[in-house]
Amino acid sequence: MGEVVDANSTPVTPRPNANSTPVTPRPHATSIPVTPRPASVSPTPPISAPPSQFHSPSLSRSPLLTPDHIVPSKTPRNSTPRNATPRLRTPRFMTPLGSPLRRALQLTKLDPQDAWLPITESRNGNAWYAAFHCLCSGIGFQALVLPVSFTVLGWAWGIIALTVAFAWQLYTFYLLVQLHENTETGIRYSRYLQIMSANFGEKKAKWLGLFPILYLSIGTCVALNIIGGSTSKLFFQTVCGQSCTVKTLTPVEWYLVFASAAVLLSQLPNLNSIAGVSLIGSITAVVYCTIMWMVSVNKDRLPGITYKPVRGPKEVDRLFEVLNSLGIIAFAFRGHNLVLEIQATMPSSEKHPSRVPMWKGAKAAYAVIAACLFPLAIGGFWAYGQRIPKNGGLQSAFYAYRRSDTSEFIMGLVSLLIIINALSSFQIYAMPMFDELESIFTKRMKKPCQWWLRIILRAFFGYGVFFLAVAIPSIGSVGGLVGGISLPVTLAYPCFMWLRMKKPKKYGKMWYLNWSLGITGLILSVSFMAAGVYVIKENDSKFEWFKPK
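Residues numbered from 1 in each chain as written. Predicted model: local features only at pLDDT ≥ 70, side-chain atom pairs only at ≥ 80, totals over all residues. Heavy atoms only, no water.

Draft legend 1. Summary view of the overall build of the protein chain. What the protein chain contains, in helices and strands, is 15 helices and two strands. Counting all 549 residues of the protein chain, 50% fall into the buried class. Restricting the contact set of the protein chain to residue pairs at least 6 apart, pairs at least 24 apart contribute 83%. Total accessible area on the protein chain is roughly 27400 Å²; 64% of this is exposed by carbon and sulfur atoms. (Helix = DSSP H or I, 4+ residues; strand = E, 2+ residues; numbered from the N terminus. Buried < 20%, exposed > 50% of the residue type's maximum accessible area, 1.4 Å probe, protein only. Contact = heavy atoms within 4.5 Å. Areas by Shrake-Rupley, 256 points an atom, 1.4 Å probe, with all protein chains shown as cover.)

Pasting the structure below:
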């Protein structure tokens, strides 16, 4: 007779013995599931982001993906339940830094909304794209104001200040490229504010970095609108000719035309999609800078020009004028708020980190930048001396003094190239603002922006910049102030972040170098801002606000 199994009793699984034959349990009348599943628990929602984006955290925003969302593997029905800690199963293809990230996943909050934002939406960039973006953002209208600083600093100090500023910003550029990826944790800092939050904390990062970064992007776009609008007027007058009877637009209307063109072009979705735009902007910048300094040097110098530095009657005026001129040079080398963003568009792996193609593209771009900025500043000051207008710089001098002995084709070509470059540069400097505006929506709604909302946000920014461009009287009046505000982002903060993240040997060469440059940068920033405010205040009676020319 066989054994009778009670239907209400719980079967006991026999434990295998090393010296005995395994016993196969007989079928039961009923079985109780090992792992009960409550019906009220809903399944984990899917993450709307491609796997390649999971390695890009947004430390300044609320995360959408945490380790709690990861579901452990299912336990078989007939196996004994185990109270083991669930492992994070992250395939290597999900992150370019697979091994370090596996160790850091439990401590790092990832943010899949990066796949919805303009800067990190596409990651197929390369060294060529990096070179185009760096060149487009590093050269342009700001170079035309450099000879104005020479009128106050003179030959010797002007060249020294320009050389030191170029070497300094190139060094901090290198620091940011190396800090983009943390090899210990596997984290990529895709935005400047993110790396500041990781180093100084979220609150300090907002106080120290948010205003300069936003001011730098908005201030540059305002200056580009001023340059583009005023140059559009000159281009129309050159093409139409002196005998033209067509009524031209007012300066405000020309600003509006440029703003509308910039808004239309800004509908390109992400940073990688404007690589062709940056290439066009780079070519036009190199061409018009070369034409302007070569034509100016090729012609005879203006009669009666001098190279003696212009100084005010008071000691205070002289000091602030020198500081404001140094701020103009610092303004010419702004753009570090775009370094991490450009590098974030590249793929990365342990064998092929993104810092290699990024630095390769940056070196090529800055070699071209040096070949344009130094001849432009030195040649422009040699050709026009103290007669360079403070309002407009070399561009105003070129149109004022070379119109009579230069063909209309050259004058019109230079104007057209400046307009195209301003439109192209507007896109790359506005991209961080587009990213910030869209992040507010994605953070709250947990979904990407609709196409119509993206159009509204970018149009709102473009026409807001137009309003500010109409209000500000000139670029020369605010160049030193913008340079002072943006200087910590370019020359100071990267040094402090290197000390905190890389931890160089105390009292070593790198330790002394970064501390010295960081502290000096902060002191110069405060000095340049004070000088910029003083110059604007002293010349306020000469400026006509809300009356662009």
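Draft legend 2. Representation of helix 2 (residues 127–138) within the structure. Over its twelve residues, helix 2 extends 16 Å from the first C-alpha to the last, a length consistent with the 16 Å expected when each residue adds 1.5 Å. Buried residues dominate helix 2, accounting for ten of its twelve residues. Every buried residue of helix 2 is accounted for by Ala-127, Ala-130, Ala-131, Phe-132, His-133, Cys-134, Leu-135, Cys-136, Ser-137 and Gly-138. Two or three places before Trp-128, at the start of helix 2, stands the capping residue Asn-126, its side-chain oxygen 3.0 Å from that residue's backbone nitrogen. (Expected span 1.5 Å × (residues − 1). Polar contact = N/O pair within 3.5 Å; in protein donor to acceptor, adjacent residues only side chain to side chain.)

Draft legend 3. A look at the pattern of salt bridges. Inspection of every chain in the model, using the stated rule, returns ten salt bridges. A salt bridge links Glu-181 to Arg-188; the shortest N-O distance between them is 3.8 Å. Arg-188 carries the same exposure label as Glu-181, and that label is buried. Put simply, Lys-206 and Glu-202 hold a salt bridge, and the shortest N to O gap is 3.7 Å. With a gap of four residues between them, Lys-206 and Glu-202 both fall in helix 5 (residues 202–240), about one helical turn apart. Using a relative accessible area of 37% as the deciding quantity, one classes Glu-202 as partly exposed. (Salt bridge = Lys/Arg side-chain N within 4 Å of Asp/Glu carboxyl O.)

Draft legend 4. Representation of the packing of aromatic side chains. One pass over the structure, following the stated rule, counts 23 aromatic pairs. A ring pair is formed by Phe-398 and Tyr-399, whose centres lie 6.0 Å apart and whose planes are at 85 degrees; its orientation type is edge-to-face. For the pair formed by Phe-398 and Tyr-399, the shared burial category is buried. Three or more aromatic residues joined by ring pairs form one cluster here, namely Phe-166, Phe-173, Tyr-174, Phe-333, Trp-359, Tyr-366 and Phe-374. (Phe/Tyr/Trp six-rings, centres within 6.5 Å; stacked < 30°, edge-to-face > 60°.)

Draft legend 5. Structural view of the side chain of Asn-225. Mapped onto the elements, Asn-225 comes out in helix 5. Once you skip the residues sitting within four places of it in the chain, Asn-225 turns out to touch Tyr-255, Phe-258, Ala-259, Val-465, Phe-466 and Ala-469.

Draft legend 6. Representation of the environment of His-180 in the model. Position of His-180 among the secondary structure elements: in the loop between helix 3 (146–179) and strand 1 (181–182). Once the C-alpha coordinates of His-180 and Glu-341 are considered, the two residues, 161 residues apart in sequence, prove to be 9.4 Å apart. Ignoring any residue separated from it by four or fewer positions in sequence, one finds His-180 in contact with Ile-187, Arg-188, Tyr-189, Ser-190, Leu-340, Gln-343, Ala-344 and Ser-354.

Draft legend 7. Up close: unusual backbone geometry. Of note, the phi angle at Lys-446 is positive, near 60 degrees, even though the residue is not glycine. A relative accessible area of 44% means that Lys-446 is categorised as partly exposed.

Draft legend 8. Representation of the packing of helix 5 against helix 6 (residues 251–265). In the contact formed by helix 5 and helix 6, the axes pass within 8 Å of each other and the chain directions differ by 115 degrees. Regarding the angle of helix 5 to helix 6, the classification is roughly perpendicular. Helix 5 and helix 6 meet at a crossing whose hand is right-handed. On helix 6, the residues touching Leu-224, Asn-225, Ile-226, Gly-228, Gly-229, Ser-230, Ser-232, Lys-233 and Phe-236 of helix 5 are Pro-251, Trp-254, Tyr-255, Phe-258 and Ala-259. Grouping the amino acids of the contact of helix 5 with helix 6 by side-chain chemistry returns eight nonpolar, five polar and one charged. (Axes fitted to C-alpha atoms, helices over the stretch in contact; angles between N-to-C directions. Parallel < 35°, antiparallel > 145°, perpendicular 65-115°, else oblique. Left-handed = near helix turned anticlockwise from the far one by under 90°. Nonpolar A, V, L, I, M, F, W, Y, C, P; charged D, E, K, R; others polar.)

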